[in-house]
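In case you want the letters, here they are:
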Amino acid sequence: MAKQKGLLGVQKSQMFFSIGGEDWPSEDDSDSDYEKAAASVSKNGHGLASDSKKKKQPKNSTKRKRKEKAAVGSGNQGLSKTKKRRIQDKDDRNSGTGASTSKQAEAETNSEKSIQVLPSEIVVHILKYVVEDGGAIPTLCRLARLCRSWREACTHPSLWKTVDLSYGWATNKVDTLRWLSANRFTQVQVVNLSSWTRLANSTVQVLAENCPTLETVSLFRCVKLTSEAVKALVDKCPQLSSLDLSYTMNDMVSPSTLKYIAEKCGGRLKHLTISGNTVVGFLQSLKHLMDNCPNLRGLDFSGCKFTTDSIRFNIEDCQDAWPHLQILRMACCKIYASDVSAVRKATSPGFPELQEFSAAAEPHEINGLFVSGAGITNDFLQRVLKTSYDLKVLDIRNCARIEPASLLPQDIPPTRLEHLYISQCSITKTDYVGHTNYFGQMMKKWRHSLRDLDLAWNTYPSVDDLEKAMKKLSAHPDQSELKTLDLRGTAIEVGAVKSLLTGCPQLEQLNLASCRGLPRGIKRLHEGKSLLQLRKDIKKM
């Protein structure tokens with residue numbers, strides 16, 4: 001008995017479909033309806049006829065292709081003009097793609113050859129500009145993989161003058177530093193070894209012996225080193241002028257070690273950082289530095305703990321000893337100014353080249369009350385900054401004994417202050433009625449130069465005082481250079497925010513977290529897209 005077939009030539013008891021891209025064909029491929037059925041069902045089961053056509057082409061299409069090939073071989077004779085044009089366009093496209101690909105490959109080959117044939121002197125000269133921005137590591141390590149000639153150029157000692165090994169670009173191992181010292185650091189000037197916790201004295205001695213041109217060394221958090229490492233650097237590096245010994249062993253900043261540094265380096269010592277250490281005999285060490293290092297540019301003893309509860313800092317003696325001091329950092333230190341006569345205050349030269357002064361304090365308890373920066377007063381601030389016309393950075397956060405009138409033009413002379421940090425500072429407070437808005441005058445004084453301003457968690461006599469001060473800060477949009485503004489925890493309102501966004505066109509970051517006077521959705525940090533959206537939304541409020 002013959003098998004009964006359906007409309008599409010498939011047995012009625014059998015289905016025709018595809019699963020997972022696998023076809024299930026009909027039993028009788030010779031059936032006249034088979035081709036149409038196959039054409040209506042695709043390989044992926046979505047009914048796309050184009051996939052099935054690729055599998056099986058009609059007979060007449062095969063004959064047509066044969067005719068076209070024969071026509072092409074015989075000069076396209078026997079074809080219509082339209083078909084001839086299509087065939088010719090297709091050939092032109094194919095030949096053009098091949099030509100462009102070959103030209104591109106040829107150009108790449110030529111460029112590689114031109115790189116390889118560059119004289120080594122030119123390559124080294126080019127790489128000098130590269131390492132100025134990216135540093136020797138990892139820039140030179142990556143460029144050395146380009147070709148043999150560039151690998152040889154990357155080993156030139158003149159390219160290894162500034163090396164930063166603090167970010168993990170090189171393995172934090174003693175053998176690595178020994179190899180670099182012997183093979184790359186013959187002309188090195190700056191080496192940053194911050195957080196090399198396994199660094200030993202012997203390795204530093206190898207570094208000092210192989211690097212006579214060393215000028216700056218950072219040993220931040222190198223907790224295994226002792227004074228022997230520092231003495232080796234001072235003895236064998238005659239150009240050493242900058243040392244960072246912060247957060248190290250107490251032996252590294254002992255009075256004898258600091259005396260040795262001051263006497264050996266003498267006038268060439270320009271920067272010394274000893275922050276985060278417990279310093280014994282600090283005033284004695286300070287006296288050695290004043291006697292032997294007249295060219296000191298930067299001194300940082302922030303966060304140091306002293307053997308006594310607090311120390312007396314002789315401002316005028318330091319001003320006489322260091323006329324070129326540019327950076328003075330004493331943040332989070334219990335420090336008071338020494339008592340001197342009025343004549344001594346008037347005749348001192350000040351710090352005429354000072355550019356950064358940091359005296360930020362941390363709260364500490366006195367008689368059950370938390371007092372911040374008890375030693376930083378109006379008198380202290382004015383004595384330090386009396387001739388500092390070029391001051392750029394002023395950090396007096398948490399200093400509770402500075403009065404609002406202490407930063408007026410007649411008290412301190414800076415005219416182009418760029419970074420001002422006065423969060424949780426009493427500079428915005430007042431205790432009397434009928435006060436003058438000194439804070440507003442301060443904003444008016446530096447609105448043309450301020451770039452970073454921190455006013456977080458400050459209280460003001462009234463909301464109007466804060467709003468008036470912000471309007472003075474943003475009064476001249478064409479002069480404003482403000483980029484970051486921190487107003488966390490203040491009583492600022494929508495009107496003042498509007499004036500800031502309008503009058504400070506270069507503003508990139510605005511922190512409004514915990515500002516209770518603002519509606520929900522705004523009380524957060526705004527930067528990037530969030531700041532752009534705030535500029536749009538604030539206009540509707």
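Residues numbered from 1 in each chain as written. Predicted model: local features only at pLDDT ≥ 70, side-chain atom pairs only at ≥ 80, totals over all residues. Heavy atoms only, no water.

**Section: the pattern of salt bridges**
Turning to step 1, where the next piece is worked out: Tallied over the full model, the rule gives 16 salt bridges.
Turning to step 2, where the next piece is worked out: For Arg344, the salt bridge is made with Asp320, and the minimal N-O distance between the two is 2.5 Å. Here Arg344 is found in helix α14 (residues 342-347), whereas its partner Asp320 is found in helix α13 (residues 315-321), with 24 residues between them in sequence.
Turning to step 3, where the next piece is worked out: Residue Asp486 is joined to Arg488 by a salt bridge in which the shortest nitrogen-to-oxygen separation is 2.9 Å.
Turning to step 4, where the next piece is worked out: Classification of Asp486 by relative accessible area gives buried; the value is 13%. (Salt bridge = Lys/Arg side-chain N within 4 Å of Asp/Glu carboxyl O. Helix = DSSP H or I, 4+ residues; strand = E, 2+ residues; numbered from the N terminus. Buried < 20%, exposed > 50% of the residue type's maximum accessible area, 1.4 Å probe, protein only.)

**Thoughts on helix α18 (residues 494-503)**
Turning to step 1, where the next piece is worked out: Summarising burial for α18: seven of the 10 residues are buried, a large majority.
Turning to step 2, where the next piece is worked out: Inspection of α18 places Val494, Ala496, Val497, Ser499, Leu500, Leu501 and Gly503 among the buried residues, and these make up the whole buried set.
Turning to step 3, where the next piece is worked out: Of the surrounding secondary structure, the elements contacted by the buried residues of α18 are α17 (463-473), β20 (484-486), β21 (509-511) and α19 (529-537). (Contact = heavy atoms within 4.5 Å.)

**Notes on a nonpolar patch on the surface**
Turning to step 1, where the next piece is worked out: On the surface, Leu118, Ile122, Ile126 and Val130 cluster together into a nonpolar patch covering about 270 Å² of accessible area.
Turning to step 2, where the next piece is worked out: Tracing the backbone through its elements, the reader meets Leu118 in the loop between α4 (81-116) and α5 (120-134).
Turning to step 3, where the next piece is worked out: Overall, Leu118 belongs to the partly exposed group, its relative accessible area being 31%. (Patch = residues over 30% accessible without salt bridge, like charges linked within 9 Å, V, L, I, M, F, W, Y side chains within 5 Å. Areas by Shrake-Rupley, 256 points an atom, 1.4 Å probe, with all protein chains shown as cover.)

**Considerations on the confidence of the model for the chain**
Turning to step 1, where the next piece is worked out: Summary statistics for the chain give a mean pLDDT of 80 and a share of 73% for residues scoring 70 or more.
Turning to step 2, where the next piece is worked out: The model gives residues 5-56 a pLDDT under 50, and that stretch makes 58 contacts with residues more than four places away or in other chains.
Turning to step 3, where the next piece is worked out: Across residues 365-370, where pLDDT falls below 50, the model places four contacts with residues more than four positions away in sequence or in other chains. (pLDDT = per-residue confidence, 0-100.)

**Section: the state of the cysteines**
Turning to step 1, where the next piece is worked out: Per the stated rule, a full pass over the model turns up zero disulfides.
Turning to step 2, where the next piece is worked out: Of the cysteine sulfurs around Cys332, a residue in no disulfide, the closest is that of Cys333, at 7.2 Å.
Turning to step 3, where the next piece is worked out: For Cys332, a relative accessible area of 33% gives the class partly exposed.
Turning to step 4, where the next piece is worked out: Left without a disulfide partner, Cys399 is nearest to the cysteine sulfur of Cys425, which lies 5.8 Å away. (Disulfide = S-S within 2.5 Å.)

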